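So you can see what is in the structure, the chains are spelled out below.
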Amino acid sequence: MNDEYFMKRALSLAEKGMGFTSSNPLVGAVIVKNGKIIAEGYHESYGGNHAEINALNNAIEDVYGTTMYVNLEPCSHFGKTPPCVNRIVKSGIKKVVVAMKDPNPEVSGNGIKILKENGIEVEVGILKKEAEKLNEIFIKYIITKRPFIIMKAGMSLDGKIATRTGDSRWVTDEKAREYGHILRQKVSAILVGVNTVITDDPTLNTRLNKIECKDSIRIVLDSHGRTPITSKVLNINPSNTIIAVTNLAADENIKAFKEKGAEVIITPAKNHKVDLQFLIEELGNKKIDSLLIEGGGEVNFSFLKENLVDKVIFFIAPKIIGGKDAKTPVEGEGVECLEDAICLQDVKITSMGKNIMIEGYLK
């Protein structure tokens, strides 16, 4: 068993914290003695012990002279918890293998520096790309203070998200819908347009078998304040709902949303719609580090037009719906020339149930 084997285990442990550590990173740690794992741990929740501390606390043998594998540079500053490097130094660990440096410009490299100054051997870069992908949300947020934005859509082979009558249940199969809930578990917030709320009245919660779930914050784009007072987002755990309106919304509607227990963000009106740049800035200020867009074609194009999307995940089902009036996942005015088309990079194609999942990053 080599360094990659143990780092893969650290990454696997880190992933167990998915959905519960925001706005902290996903981190796992493994302690190895004579080629055998004697301790492991992961960052389980925001404000709780970091992975390195949990691993040290879980050790079944003396850790003196051992090697620790961790997918992110151990912290060197006081936050919700004391610096991990101090405990590592005191423990007598001989070597620390790190997948990637902390992307926080204020602390990057300091943890490694302290470990080295205290005679601990440090190796950096084992499975770096895998570590960066795992913490892509944290990396974007810690550098920009703006949420990492994922756009998700499911469509037919001919690019339709519903029939011409609006019937959309279900375009994709259970496997794709289950993965959609995994994405909901991963992010801090889910965003839909008010038309989705009016038409479908969704709960926007997270439902996964055999996994502890948390419900993300629900955000409704509602420029004129049309969200029905009877809607589920305002009657099931309404304190977990944000209604984003403009100054065009009626005061009595805003008051009604607040009386239900929802939070209201009032943005300037941009072409009679919510100013998305303003909204995203506000969400970042609220420590919302990630956002999943589950909107219709107009909402999706609005985010793409503003260059706000970091990643897209499209599911393509082996069905043909047809109809020139049937809705598509991205509408709006679109681009005029093919050379202006929005292109993806680092594209990955996966078979999922009967569907094909295509994910990629915007340039």
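Residues numbered from 1 in each chain as written. Predicted model: local features only at pLDDT ≥ 70, side-chain atom pairs only at ≥ 80, totals over all residues. Heavy atoms only, no water.

Looking at an unreviewed UniProt entry, one finds the protein named Riboflavin biosynthesis protein RibD and attributed to Sporanaerobacter acetigenes DSM 13106. Quoted verbatim from the Function (unreviewed entry) field of the UniProt record, the comment on the protein reads "Converts 2,5-diamino-6-(ribosylamino)-4(3h)-pyrimidinone 5'-phosphate into 5-amino-6-(ribosylamino)-2,4(1h,3h)-pyrimidinedione 5'-phosphate." (UniProt positions renumbered as here; feature names shortened; annotations may be inferred.)

(A) Geometry of the packing of helix α3 (residues 84–91) against helix α4 (residues 110–117). For the pair α3 and α4, the least separation of the axes is 10 Å and the interaxial angle reads 20°. Considered as vectors, α3 and α4 are oriented roughly parallel to each other. Remark: the crossing between α3 and α4 carries right-handed chirality. For the pair α3 and α4, the contacting residues are Val85, Ile88 and Val89 in the first and Gly111, Ile114 and Leu115 in the second. Of the residues belonging to the contact of α3 with α4, the class tally is 5 nonpolar, 1 polar and no charged. (Axes fitted to C-alpha atoms, helices over the stretch in contact; angles between N-to-C directions. Helix = DSSP H or I, 4+ residues; strand = E, 2+ residues; numbered from the N terminus. Parallel < 35°, antiparallel > 145°, perpendicular 65-115°, else oblique. Left-handed = near helix turned anticlockwise from the far one by under 90°. Contact = heavy atoms within 4.5 Å. Nonpolar A, V, L, I, M, F, W, Y, C, P; charged D, E, K, R; others polar.)

(B) Broad picture of the domain arrangement of the protein. Looking at the protein, the domain boundaries give domain 1 (3–137) and domain 2 (145–361). Computed from C-alpha coordinates alone, the two centres of domain 1 and domain 2 are separated by 34 Å. Together, Met18, Glu136 and Ile137 form the three largest contributors to the area buried by domain 1 at its contact with domain 2, with a combined 50%. Here domain 1 and domain 2 share 2 salt bridges between them. Between Lys311 and Glu136 there is a salt bridge, with the nearest N and O atoms lying 3.0 Å from each other. Our count for the contact surface shared by domain 1 and domain 2 stands at 5 residue pairs in polar contact (both at pLDDT 80 or more). Residue classes in the side of domain 1 that touches domain 2 are distributed as 4 nonpolar, 3 polar and 2 charged. (Domains from an automatic or database assignment. Buried area = accessible area lost by both parts, 1.4 Å probe. Salt bridge = Lys/Arg side-chain N within 4 Å of Asp/Glu carboxyl O. Polar contact = N/O pair within 3.5 Å; in protein donor to acceptor, adjacent residues only side chain to side chain.)

(C) Highlighting a nonpolar patch on the surface. A cluster of nonpolar residues, Val347, Ile349 and Ile356, forms a patch on the protein surface that exposes about 280 Å² of accessible area. Looking at the element boundaries, Val347 is found in strand β15 (residues 344–352). Looking at Val347, the relative accessible area reads 47%, which means it is partly exposed. (Patch = residues over 30% accessible without salt bridge, like charges linked within 9 Å, V, L, I, M, F, W, Y side chains within 5 Å. Areas by Shrake-Rupley, 256 points an atom, 1.4 Å probe, with all protein chains shown as cover. Buried < 20%, exposed > 50% of the residue type's maximum accessible area, 1.4 Å probe, protein only.)

(D) Quick look at the sheet that holds strand β2 (residues 36–42). Overall, mixed pairing links the 5 strands, which are arranged β2-β1-β3-β4-β5 in an open sheet. A single partner strand is all that each edge strand has here, and the edge strands are β2 and β5 (121–124). Strand-to-strand twist in this sheet, taken as the mean axis angle between neighbours without regard to direction, amounts to 15°. Across 4 bridges, the pairing between strand β3 (residues 67–70) and strand β4 (residues 95–98) is parallel. Across the sheet, Met68 pairs through a bridge with Val96, a residue of β4. Against the sheet, helix α1 (residues 3–15) contacts β1 (28–33), β2, β3, β4 and β5, and its axis sits at roughly 145° relative to β1. (Pairing = 2+ DSSP bridges.)

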